[in-house]
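# A look at the structure
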Amino acid sequence: MKEQLIIFDTTMRDGEQSPGASMTREEKLRIGRQLERMRVNVIEAGFPAASNGDFESVKAVAQVVKDSIVCGLARATDNDIRRAGEAVKPANASRIHTFIATSPIHMQKKLRMQPDQVIEQAVKSVKLARSLCEDVEFSPEDAGRSEIDFLCRILEKVIDAGARTINIPDTVGYTVPEQFSGIIRQLRERIPNADKVVWSVHCHNDLGLAVANSLSAVMAGARQVECTINGLGERAGNASLEEVVMAVRTRQDFFNCDTRIDTTQIVPASKMVAAITGFAVQPNKAIVGANAFAHESGIHQDGVLKSRETYEIMRAEDVGWSTNKLVLGKHSGRNAFKSRLQQLGIELESEEAMNAAFMRFKELADKKHEIFDDDLLMLASDEAVTQEHFKLVSLLAHSETGETPVARIVVSEDGREKQAESRGSGPVDATFKAIESIVASGADLQLFSVNNITSGTDSQGEVSVRLSKSGRIVNGQGADTDIVVASAKAYLNALNKLHSKLERLNPQV
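Described below are features of the structure shown in this document. (Residues numbered from 1 in each chain as written. Predicted model: local features only at pLDDT ≥ 70, side-chain atom pairs only at ≥ 80, totals over all residues. Heavy atoms only, no water.)

Taken as a whole and assessed by the stated rule, the structure comprises six aromatic pairs. Both rings, one in F432 and one in F448, keep their centres 5.9 Å apart while their planes meet at 80°; by these two values the pair is edge-to-face. Within this pair, whereas F432 is found in helix α15 (residues 427-439), its partner F448 is found in strand β16 (residues 444-452), the two being separated by 16 residues in sequence. Overall, F432 belongs to the buried group, its relative accessible area being 7%. In this structure F448 comes out as partly exposed when scored by relative accessible area, which is 36%. Three or more aromatic residues joined by ring pairs make a cluster, and in this case those are F337, F358 and F361. A cation over an aromatic ring shows up here: R83 above the ring of F55, its NZ or CZ 3.8 Å from the ring centre. (Phe/Tyr/Trp six-rings, centres within 6.5 Å; stacked < 30°, edge-to-face > 60°. Helix = DSSP H or I, 4+ residues; strand = E, 2+ residues; numbered from the N terminus. Buried < 20%, exposed > 50% of the residue type's maximum accessible area, 1.4 Å probe, protein only. Lys NZ or Arg CZ within 6 Å of the ring centre and 35° of its normal.)

Here we come to the pairing of strand β6 (residues 136-141). The element β6 is extensively covered by neighbouring structure, given that six of its six residues are classed as buried. Residues V136, F138 and P140 point to one face of β6 and E137, S139 and E141 to the other, with burial holding for every one of them. With six bridges connecting them, strand β5 (residues 94-101) and β6 associate as parallel partners. From the neighbouring strand, F99 faces β6, where its bridge partner is S139. Pairing of β6 with strand β7 (residues 165-170) involves two bridges; the strand directions are parallel. (Pairing = 2+ DSSP bridges.)

What follows deals with helix α10 (residues 266-277). Taking 1.5 Å of rise per residue, the twelve residues of α10 would be expected to cover 16 Å, and the 17 Å separating its terminal C-alpha atoms lies within 8% of that figure. With eleven of its twelve residues buried, α10 lies for the most part within the structure. When α10 is considered as a whole, its buried residues turn out to be I266, V267, P268, A269, S270, M272, V273, A274, A275, I276 and T277. Within two residues after α10, G278 carries a phi angle of roughly 80°, on the positive side. (Expected span 1.5 Å × (residues − 1).)

At a closest axis distance of 11 Å, the pairing of helix α12 (residues 334-343) and helix α13 (residues 351-367) adopts a crossing angle of 105°. By the angle class used here, α12 and α13 are roughly perpendicular. When α12 is examined against α13, the residues R334, F337, K338 and L341 are found in contact with a partner set consisting of E351, M354, N355, A357, F358 and F361. Taken together, the residues of the contact of α12 with α13 sort by class into six nonpolar, one polar and three charged. (Axes fitted to C-alpha atoms, helices over the stretch in contact; angles between N-to-C directions. Parallel < 35°, antiparallel > 145°, perpendicular 65-115°, else oblique. Contact = heavy atoms within 4.5 Å. Nonpolar A, V, L, I, M, F, W, Y, C, P; charged D, E, K, R; others polar.)

What the three strands build is an open sheet, ordered β16-β17-β18; its pairing is antiparallel. Two strands bound the open sheet, and with one partner strand each, they are β16 and β18 (472-480). Along the sheet, successive strands turn relative to each other by an average axial angle of 15°, direction set aside. Bridge analysis of strand β17 (residues 461-469) against β18 gives nine bridges, and the strand direction is antiparallel. Each bridged residue has a counterpart across the sheet, and for E462 the counterpart in β18 is A479. On the sheet, α10 packs against β17 and β18 and is oriented at approximately 115° with respect to β18.

Further remarks concern the pattern of salt bridges. Under the defined criterion, the tally for this structure stands at 26 salt bridges. Among the ionic pairs, K28 bridges to E16, the shortest N-O distance being 3.2 Å. Taken as a pair, K28 in helix α1 (residues 25-37) and E16 in the loop between β2 (6-9) and α1 lie far apart in primary sequence, twelve residues in all. For the pair K28 and E16, one class covers both residues: buried. One salt bridge connects K28 with D54, and the closest N-O pair in it is separated by 2.7 Å. Note that K28 is positioned in helix α1 and D54 in helix α2 (residues 52-64), a separation of 26 residues in sequence. Like D54, K28 is buried. Several salt bridges share partner residues, and in doing so they unite R13, D14 and E44 into one network. (Salt bridge = Lys/Arg side-chain N within 4 Å of Asp/Glu carboxyl O.)

Counting 106 residues, the largest nonpolar core has F138, I154, L155, I166 and I168 as the members making the most contacts within it. Here this core takes eight residues from helix α6 (residues 148-161), the largest share from any one element. Residues contacting I168, with those up to four places away along its chain left out, are P140, A143, L155, F180, I183, I184, L187, W199, S200, V201 and H202. Within the second largest apolar cluster, 24 residues are counted, among which are F432, I435, V484 and L492. (Core = buried A, V, L, I, M, F, W, Y, C linked by side-chain atoms within 4.5 Å.)

In structure tokens form, the structure reads like this:
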């Protein structure tokens, strides 16, 4: 009988800590519903004490998700734990995840606490969390660089205090697979009450070993893996959910466990997270990259035509690639449109928002003959910003060989229309300069990328921009069949996020 491997998704918490990947309440609700549809066991919806916005987002996810455990992160402090407990309280099943650093460098340089003080604080925090929530998880931050004897001491104490899950984070991505599996094995063997908890791992990808380390830990007895869609996360990211799940599923001859994940929902989840965060998936990314099931070599093509198993160890349909099919056209009605959005996990907040989205759909249908699910996901992302301080009214961009490109733009700022004209090295550069002549944001453009959402010359272009100002970094996204218009939308979307002045606090777990 195969044991269950628990999948703990932290896309909305650790993934959101990627610079520029902040998510709105509505975006977290969409991702939460998709994760539930995928049958993820535990959804870490955020860090409630970080800001009022994050508290409300976690609470909203707890209210709508019914079949997954909803978790909130908390430092080992009374305020953080009470805030997390309040945020996840509405959930059918809830968890508080608390942590404190245990490596010598973190205890000395960051916490400035003695080891015995750290143990005392950890035990106190777990007991408080347990008084608010039956399901408590504890993490010794930077466990990968912690002393094994000290880990054994503190973890034995927090298990006695009521922790049900012990998570071992490789916070800085320092360990290698053989070393990391050795840590898990030693802790399970040396701690007397180790059999009373589920052992979990949370690996970062700084050396490109997050998935390898996670799987080595599973072989050593870990039965929960903390991971993110597309491997999203701060710095180089986290262990990729899709890679962990499909490695275990594909190699059932090797792993004595399996997940309950509905793998056909993996690609839709990947596309949704990429659209919301603006972090495009590289073409050669395992499982969810555009080239993951593509074969160009003549030898490979010949083999696949004769027998798929010659070069494919998974079926594209099993991870959801077949779901991106034509669903709607310009003759489709409002009910069909609404129904398809619901099937994609998109629920707009009001009838007004639905009407506006339907109008945008009709406008898009007039521009391109075939409309795909990815088009609808991007269209819904455009609708996510319901109160736009800056809004594109009209744009005229002119580019001619031998002439300097020029852009004339009209932008609505808080309901007042303003116009400007500017020249630049290209039509996009001219457009951005024209916008800045109106808004004077003073932001630095750090990234500009263009991707086609679907195939064909009439495809919508998806543009992502990253702006930085006064230490804040935000991503903006825009889509249109005209790349210059999509660029203007993306730039204004980022400016709206800067204008919102949302605060984020990164706990760095």
